[in-house]
Amino acid sequence: MSVKIEESWKELLKESFEKSYFLQIIEHLKAEKATNTIIYPPGSKIFYAFEKTPFTKVKLVILGQDPYHGPGQAHGLSFSVPAGIAIPRSLQNIFKELQSDIGLKIPVSGDLSPWAEQGVLLLNASLTVRANEPASHAQIGWLQFTDHVIRKLSEEKQHLVFLLWGKFAQDKQNLIDSSKHLILKAAHPSPFSADRGFFGCKHFSKANEYLMHQGFEPIDWSLGNS
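A few points on the structure. (Residues numbered from 1 in each chain as written. Predicted model: local features only at pLDDT ≥ 70, side-chain atom pairs only at ≥ 80, totals over all residues. Heavy atoms only, no water.)

**Focus on the pattern of salt bridges**
For clarity, the cut-off: Any Lys or Arg side-chain nitrogen located within 4 Å of an Asp or Glu carboxyl oxygen qualifies as a salt bridge. Each residue is assigned to one of three classes by its accessible area relative to the maximum for its type, calculated with a 1.4 Å probe on protein chains only: buried under 20%, partly exposed between the two thresholds, exposed over 50%.
Applying the stated criterion across every chain, the model contains 6 salt bridges. The shortest N-O distance in the salt bridge between Lys 14 and Glu 11 comes to 2.9 Å. Across the pair Arg 130 and Glu 133 runs a salt bridge whose closest N-O atoms are separated by 3.0 Å. Taking the relative accessible area as the measure of exposure, Glu 133 reaches 37% and is therefore partly exposed. Three or more residues joined by partner-sharing salt bridges are found here, namely Glu 32, Arg 130 and Glu 133.

Laid out in structure tokens, this is it:
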């Protein structure tokens, strides 16, 4: 099946697009759209994380669970919202930790595209969601697809950083070879859990220290809008 996805990812994942679980995803989305169900993000943004961060450029992965399910929020990057959209509380807490960790001013925009362009794969485990129904597409096949993405990253790349925030993300660590990649774990930045280990985790400075030690350019976390 032909899928509109960035070329380096298309080559890497081509076998996935013929799997029954991926065909199931397509049929499920078509069926929901046929009943005028609102699905986020828009179709052109479902694979936006892959478009913004080609496989050849991935240095770091931030794993989210689900796209935002409110109007205008989801645009295909985990934790990110388009410029002009109110910054969700989890992302506010990410920015607070950035300020505490490396001294950055709190950004005025929640668009994390500048991170993606530097090699930060902002990957949600489910790539779509029904409006106002969190986790509504968690069982339609996306988890099998994104688990395969994580395995491929672990197998084919060297010295990646994986930021696993919260139990859901941390349950994916068995897909990652910790002998060749850095896995950093902390509580989820949600307001319900951020003060139980996310604040103070210093993942942004630790990630850059590791990347520089491996000979890579560090991530400029500033977003250019602070």
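**Concerning the sheet that holds strand β2 (residues 60-64)**
Selection rule: When DSSP finds two or more bridges between a pair of strands, those strands are recorded as paired. Numbering goes from the N terminus for both helices and strands, where a helix is a DSSP run of H or I of at least four residues and a strand is a run of E of at least two. To obtain each axis, a line is fitted to C-alpha atoms, and for helices this fit is confined to the stretch in contact; angles are then taken between N-to-C directions over 0 to 180 degrees.
Within the open sheet, the 4 strands sit side by side as β3-β2-β5-β6. Their pairing is parallel. For this open sheet the edge positions go to β3 (120-124) and β6 (182-186), each flanked by a neighbour on one side alone. Looking at each pair of strands side by side, their axes are set apart by 20° on average, direction ignored. Bridge count between β2 and strand β5 (residues 161-165): 3 bridges; the pairing is parallel. Paired with Ile 62 across the strands is Leu 163, a residue of β5.

**Description of the pairing of β2**
By the criterion of burial, β2 is predominantly enclosed, with 5 of the 5 residues buried. Of the two faces of β2, both are covered, the one formed by Leu 60, Ile 62 and Gly 64 as well as the one formed by Val 61 and Leu 63. Where β2 meets β3, 5 bridges bridge the pair, whose relative direction is parallel. Pairing of Val 61 across the sheet is with Leu 121, part of β3.

**What about the packing of aromatic side chains?**
How we decide: For Phe, Tyr and Trp, where Trp contributes only its six-membered ring, two rings pair if their centres lie within 6.5 Å, and the inter-plane angle classes them as stacked under 30 degrees, edge-to-face over 60, or tilted in between. Both a distance and an angle decide whether a charge sits over a ring: NZ of Lys or CZ of Arg must be within 6 Å of the ring centre and within 35 degrees of the ring normal.
Throughout the structure, instances matching the rule amount to 18 aromatic pairs. Ring geometry for Trp 115 against Phe 204: centres 6.2 Å apart, planes inclined by 50°, an arrangement best described as tilted. With Trp 115 in helix α5 (residues 113-117) and Phe 204 in helix α8 (residues 203-213), the pair connects residues that are 89 residues apart, well separated along the chain. Pair check on accessibility: Trp 115 and Phe 204 agree, each one buried. Plain terms: the ring middles of Trp 115 and Trp 221 are 4.8 Å apart, the flat faces sit at 90° to each other, and that makes the pair edge-to-face. Here Trp 221 lies in the segment after α8 and Trp 115 lies in helix α5, a separation of 106 residues in the sequence. Owing to a relative accessible area of 1%, Trp 115 belongs among the buried residues under this scheme. Every member of this aromatic cluster is reached through a ring pair, and the members are Trp 9, Phe 17, Phe 22, Phe 47, Phe 50, Phe 55, Trp 142 and Phe 145. Over the aromatic face of Tyr 48 sits the side chain of Lys 45, whose NZ or CZ is 3.8 Å from the ring centroid. Cation over ring: Lys 157 sits above Phe 55, and NZ or CZ is 5.0 Å from the ring centre.

**Thoughts on the nonpolar core**
Note the following rule: The term nonpolar core refers to a set of buried residues drawn from Ala, Val, Leu, Ile, Met, Phe, Trp, Tyr and Cys, joined through side-chain atoms within 4.5 Å. By the convention used here, residues are in contact when the closest approach between their heavy atoms is within 4.5 Å.
Counting residues in each nonpolar core, the largest one holds 71 residues, and the members touching the most others are Trp 9, Phe 47, Phe 50, Trp 115, Trp 142, Phe 145 and Leu 153. Excluding residues within four positions of it along the chain, Trp 9 makes contact with Phe 50, Thr 53, Pro 54, Phe 55, Val 58, Leu 121, Val 149 and Leu 153.

Purely spatial values, then, with no claim about function.
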